[in-house]
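Commentary on secondary and tertiary structure
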Amino acid sequence: MNQNPRRRSRSVSGQNPLARQSSSVSGQSTLARQTSSEGPDRKTSTTLTPSKGTAGPILSSVVDVEYIPLAVDLCNWVAEQTSSCIEIDQFIACLQDGIVLCRLINIMNRLKCEQTGEPFKLVHFRENIGNSVFFARINIETFVRWSKGFGVSDNDTCTVSDLVDLKDVMQAINNVFSVGRKCAEMGLPHPKSVALEMEHGMRYNEIVGLFDPARTSLSLEERAARDGLIHLINYR
């Protein structure tokens, strides 16, 4: 990922049309969610809630305002692909145990194997971990290691502590976003934010910069990209 969201500090101020969305998203993936103990063909819908005994961090408290649209889009994408219902405000909390990310691993692996004809191998992980931080860390490590094997660079992957301990939430989001970009390169289902980048030939940070009040003149392409981001946050 050429532009890492966490390395950009300028925020979008004023009456930001990219308002935070507070709702739940329910995915209707054509593939079943994958678990460590169940075969890849089982279809089910799951409501995900934080498993650490607390409500977890509210999205807007750990993500800069200009990246709320990106986080909302990633939440929608993860929920859709894993057939899960995730409260947007609790998106980060639901990622902390690594369960939904490991489900995403198996779904993307399955789709990739269907394209290439390679044999599908289920990635095993801990599904029912309760409040165990130990198994949460193992799940996140599985996701990070898989991300690197999937083609995500070391600079764009997070550490276990970045997510489990909330050491660097923006780097964790960057990791998921980078996986989405790799999915797009492979012709797999990918986030709408990635599709927006591809359509307009602009990185997410560049599109966010179009909302800067100092940008008094925009080209037609830039206006279309800005409007696309507004539509992104309003997507349910």
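Before reading on, note that the structure itself is shown above.
The structure reproduced in this document is the subject of the present report. As the structure is a prediction and not an experimental result, all values here were calculated from the model.

1. Re the pattern of salt bridges
- Enumeration according to the criterion identifies 8 salt bridges in this entry.
- A salt bridge links aspartate 154 to lysine 148; the shortest N-O distance between them is 3.9 Å.
- Residue lysine 148 is classed as partly exposed on the basis of its relative accessible area, which comes to 42%.

2. A few points about the packing of aromatic side chains
- In total, this model carries 5 aromatic pairs according to the counting rule given.
- Ring pairing ties together the aromatic residues Tyr67, Phe177 and Tyr204, which thus form one cluster.
- We note arginine 110 situated over the ring of phenylalanine 120; from NZ or CZ to the ring centre the distance is 5.8 Å.

3. Thoughts on the nonpolar core
- Of all hydrophobic cores here, the largest spans 64 residues; its most connected members are Trp77, Met108 and Ile173.
- With residues up to four places along the chain from it excluded, the contact list for isoleucine 173 reads Val63, Leu70, Ala71, Leu74 and Ile92.

4. Comments concerning the side chain of histidine 200
- Here histidine 200 lies in helix α8 (residues 192-200).
- At 2.5 Å, the side chain of histidine 200 and the side chain of glutamate 221 are in polar contact.
- In this structure, histidine 200 is in contact with Glu221, Ala224 and Ala225, ignoring residues within four places of it in sequence.

5. Structural notes on the environment of valine 100
- Locating valine 100 in the fold gives a position in helix α4 (residues 99-116).
- On the basis of relative accessible area, valine 100 is assigned to the buried category, the value being 0%.
- Along the chain, valine 100 and isoleucine 86 lie 14 residues apart, while their C-alpha atoms are 9.8 Å from each other.

6. Some points on the packing of α8 against helix α10 (residues 220-234)
- The N-to-C vectors of α8 and α10 enclose an angle of 175°; their axes lie 10 Å apart at closest approach. Relative to α10, the element α8 is oriented roughly antiparallel. When α8 is examined against α10, the residues Lys192, Ser193, Leu196, Glu199 and His200 are found in contact with a partner set consisting of Glu221, Ala224, Ala225, Gly228, Leu229 and Leu232.
- Its residues assigned to classes, the contact of α8 with α10 shows 5 nonpolar, 3 polar and 3 charged.

7. Points about the side chain of serine 193
- Relative to the assigned elements, serine 193 resides in helix α8.
- Here serine 193 falls in the buried class, since its relative accessible area comes to 1%.
- Reaching out from serine 193, the side chain makes a polar contact with the side chain of aspartate 73 at a distance of 2.6 Å.
- In this view, serine 193 contacts Leu70, Asp73, Phe177 and Leu232; residues no more than four positions away in its chain are not counted.

Cut-offs used in this document
Residues numbered from 1 in each chain as written. Predicted model: local features only at pLDDT ≥ 70, side-chain atom pairs only at ≥ 80, totals over all residues. Heavy atoms only, no water. Salt bridge = Lys/Arg side-chain N within 4 Å of Asp/Glu carboxyl O. Buried < 20%, exposed > 50% of the residue type's maximum accessible area, 1.4 Å probe, protein only. Phe/Tyr/Trp six-rings, centres within 6.5 Å; stacked < 30°, edge-to-face > 60°. Lys NZ or Arg CZ within 6 Å of the ring centre and 35° of its normal. Core = buried A, V, L, I, M, F, W, Y, C linked by side-chain atoms within 4.5 Å. Contact = heavy atoms within 4.5 Å. Helix = DSSP H or I, 4+ residues; strand = E, 2+ residues; numbered from the N terminus. Polar contact = N/O pair within 3.5 Å; in protein donor to acceptor, adjacent residues only side chain to side chain. Axes fitted to C-alpha atoms, helices over the stretch in contact; angles between N-to-C directions. Parallel < 35°, antiparallel > 145°, perpendicular 65-115°, else oblique. Nonpolar A, V, L, I, M, F, W, Y, C, P; charged D, E, K, R; others polar.

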